[in-house]
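Architecture at a glance
Here's the letter readout for the chains.
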Amino acid sequence: MRFLSEGHFPHSIAFWYQLPCCKILSIMSNGHSNLALQLSRDEMLAFGHEIVAIIVAHLENLSNKPVVRKMDRSSLEKRLREPLPERGVEIGTVIRQLQENIFANIMHNDHPRCFSFIPGPSNFVSIMADALASGFNVIAADWLEASGPSEVELVTVDWLRQLCGLPESAGGLFVSGGSMANLISLGTARHAMLRGKTAGAVVYCSDQTHSSVERALQVLGFETAQLRKLPSDDLFRLSVACLKREVTADRAAGKVPFCVIANAGTTNTGAVDPLVETAEVCRQEGLWFHVDGAYGAPAVLCEKGHSLLRGLHLADSLTLDPHKWLFQPFEIGCVLIRDVHLLKGAFAIRPEYLKDLESTGEEINFCDYGIQLTRSFRALKLWMSLKVFGLQAFREAVARGFVLAEFAETLLRASPYWEIVTAATMGIVTFRFVQEGGSQHDVDRINQQIVDEIFKEGFATASSTRLLGRKVLRLCTINPRTTEDDIRQTVCRMEHFGRLACRPA
Ligand SMILES: Cc1ncc(COP(=O)(O)O)c(C=O)c1O
């Protein structure tokens, strides 16, 4: 294995972020009044071409760029703090500022060596779809204002329903992401199961459940003590035996168990809770069964994922994020509710100024299904990219995430410096740098140092988490454009930083 030299980026940062731009600049208005906030046809075309060219150049060069670059607050204040611009400036100036100071200081979640947190490997068709949705300024709130887009949302949500195996009675909507999808799901559960009477009600999940669930419950008016975070089993899955015991104990204590949240791919390790068994407990006990598949549910598209996600179709509500493993630009999450009519019961309010929206039963007003009234046409990007690439391409892209995590695991196992903490599953592998004779504290420190250095260097990213109180590193490999060599070089860099961290100061 070859270590990368200090200067392994072929060009300086400045090179990548100062792409020559804007032959149009000279024709853009410069400071004179523009009451209608409009550009001429030629200006719009030139500007549009230039923006697309910038995006394409960015995507073409992405793998040669650092994954992440962070600037300190005071430097950014110096560059970006300015009085509100009373008069317009040349658009070229604005774009230069954007490239040099704003886009130069981000993490590229769609970079092939971005393995931290949950990456966001996007695709160009969806990027353009977002531009179209914005260009036509679609308000996907109601049938009157957006019958076409609403039908596209119905169709696209239904495609996801079919993929997850939910019955035809199920439906849902697109939202900003997993946090909002969990909020809407739990709000629907509260309405359906408790009719708003939250006193004494109890919700159950494993200690590996995403924090958005806890926040959703807070927003919905539940006390912290109403959420039972049960200790997970040795594979970081919900323990069904523990769940049964807790439900029984709570009933005996006069509490009102009403909902269980299971994970279809935890953020930490990709663990999938025993969905079939959990659904069975919910059926027997009369509890709402919510599945948080924000990260992992799209894995149902490939064979391995499909078999790991057995029981997904049993959910009363399901969160699934197309902006994670379905390769969409941020923001698009999806909520699916087994009985779609419950959404209206939980969220629809019809004030007098929206009476014109009243429709025949066939016409769907998505504003009745959730929290947002004004909402963008999020469905378009998923719909367009599925149509243009075809589902088979998505299946292969999802399957690649599994293969890459397994490849990373094989590499790590072959090196004496690493121990695997959780085997590759659902595109995630967790591991730790080991130091012979090192105390737990030392080893935790070394692993933290590896992450700090990897973020600082920017060649690749990996993030850390805690499992059973110990620091671990994790790689999430869901970008289908990642190569085996990307992984090899990333492991190599981490190993280099680990060895440096072991040296006495
Ligand atoms: C399992 C899980 N649930 C929920 C969320 C929250 O999703 P979002 O960040 O889209 O709000 C995440 C985010 O990583 C997640 O991994």
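The following paragraphs examine the structure supplied in this document. (Residues numbered from 1 in each chain as written. Predicted model: local features only at pLDDT ≥ 70, side-chain atom pairs only at ≥ 80, totals over all residues. Heavy atoms only, no water.)

1. What about the overall build of the chain?
The number of helices and strands found in the chain is 17 helices and 11 strands. Its C-alpha atoms give the chain a radius of gyration of 25 Å, within 12% of the compact-globule value 23 Å for 505 residues. Considering only C-alpha atoms, the chain reaches an extent of 75 × 75 × 45 Å along its principal axes. Relative to its 505 residues, the chain shows a buried fraction of 52%. Counted over contacts in the chain with a minimum sequence separation of 6, partners at least 24 positions apart contribute 75%. Taking the average place of the 52 positive charges on the side chains of the chain and the average place of its 56 negative ones, the gap between the two points comes to 4 Å. (Helix = DSSP H or I, 4+ residues; strand = E, 2+ residues; numbered from the N terminus. Rg over C-alpha atoms; globule rule 2.2 N^0.38 Å. Buried < 20%, exposed > 50% of the residue type's maximum accessible area, 1.4 Å probe, protein only. Contact = heavy atoms within 4.5 Å. Lys, Arg positive; Asp, Glu negative; His and termini not counted. Charge placed at Lys NZ, Arg CZ, Asp CG, Glu CD.)

2. Here's the deal with the sheet that holds strand S1 (residues 171–175)
Overall, mixed pairing links the seven strands, which are arranged S1-S7-S6-S5-S4-S2-S3 in an open sheet. Of all the strands in the sheet, the pair left with one neighbour each is S1 and strand S3 (227–230). The average undirected angle you get between the axes of adjacent strands in this sheet is 20 degrees. Bridging between S1 and strand S7 (residues 333–337) involves five bridges; their strand directions are antiparallel. Bridge pairing in S7 places Gly172 opposite Leu336. In the packing of helix H7 (residues 178–194) onto the sheet, contacts are made with S1, strand S2 (201–206), strand S4 (256–263), strand S5 (288–293), strand S6 (317–320) and S7, and the angle to S5 comes to roughly 175 degrees. (Pairing = 2+ DSSP bridges. Axes fitted to C-alpha atoms, helices over the stretch in contact; angles between N-to-C directions.)

3. Topic: a nonpolar patch on the surface
A cluster of nonpolar side chains, contributed by Leu80, Ile102, Phe103 and Ile106, occupies part of the molecular surface with about 290 Å² of accessible area. With respect to the helices and strands, Ile106 occurs in the loop between helix H4 (91–102) and helix H5 (124–135). (Patch = residues over 30% accessible without salt bridge, like charges linked within 9 Å, V, L, I, M, F, W, Y side chains within 5 Å. Areas by Shrake-Rupley, 256 points an atom, 1.4 Å probe, with all protein chains shown as cover. Salt bridge = Lys/Arg side-chain N within 4 Å of Asp/Glu carboxyl O.)

4. Overview of the site of the ligand
For the ligand, the set of nearby residues contains 15 residues, the closest of which are Gly178, Ser179, Thr267, Asp292 and His323. At a separation of 2.8 Å, an oxygen atom of the ligand approaches a polar backbone atom of Gly178. Lys324 has a polar side-chain atom sitting 3.0 Å from an oxygen atom of the ligand. Coverage of the ligand by the protein chains reaches 84% of its 390 Å² of free accessible surface. Counting only elements with at least two residues in the shell around the ligand, the list comes to H7 and helix H12 (322–325). In terms of residues, the shell around the ligand owes the most to one element, H7, which gives three residues. (Near = heavy atom within 4 Å. Polar contact = N/O pair within 3.5 Å; in protein donor to acceptor, adjacent residues only side chain to side chain.)

5. Quick notes on the packing of aromatic side chains
Under the counting rule described, the total for this entry stands at 10 aromatic pairs. With 5.7 Å between their ring centres and 15 degrees between their planes, Phe222 and Phe258 make a pair best called stacked. Here the residue Phe222 occupies a position in the loop between helix H8 (211–219) and S3, and Phe258 occupies one in strand S4, the gap between them amounting to 36 residues. Note on accessibility: Phe222 and Phe258 belong to one class, buried. Ring geometry for Phe327 and Phe394: centres 6.0 Å apart, planes at 50 degrees, overall tilted. Taken together, the positions of Phe327 in the loop between H12 and S7 and Phe394 in helix H15 (residues 391–414) put the pair 67 residues apart, joining distant regions of the chain. Here the two residues Phe327 and Phe394 agree in accessibility, since each one is buried. Through pairs of rings, three or more aromatic residues link up here, namely Tyr417, Trp418, Phe431 and Phe433. Just above the ring of Phe459 sits the side chain of Arg113; from NZ or CZ to the centre is 4.0 Å. (Phe/Tyr/Trp six-rings, centres within 6.5 Å; stacked < 30°, edge-to-face > 60°. Lys NZ or Arg CZ within 6 Å of the ring centre and 35° of its normal.)

6. Considerations on the pattern of salt bridges
This model, assessed by the stated rule, comprises 25 salt bridges. In this structure, Lys229 engages Glu214 in a salt bridge whose closest nitrogen and oxygen atoms are separated by 2.6 Å. Separated by 15 residues along the polypeptide, Lys229 in strand S3 and Glu214 in helix H8 bring together distant segments of the chain. Look at the salt bridges and you will find they share partners, linking Arg73, Glu77 and Arg81 into a network.

7. Structural notes on H8
The α-helix advances 3.6 residues per turn, and as a result positions three or four apart in sequence lie on the same side. Of the residues making up H8, those classed as buried are Ser212, Val213, Ala216 and Leu217. Seen from one end, H8 has its buried residues packed into an arc of 140 degrees, which puts them on one side. Tucked inside the fold, the buried residues of H8 contact H7, S2, S3, S4 and S5. A positive phi of about 95 degrees marks Gly221, the residue just after H8. (Arc of directions from axis to C-beta.)

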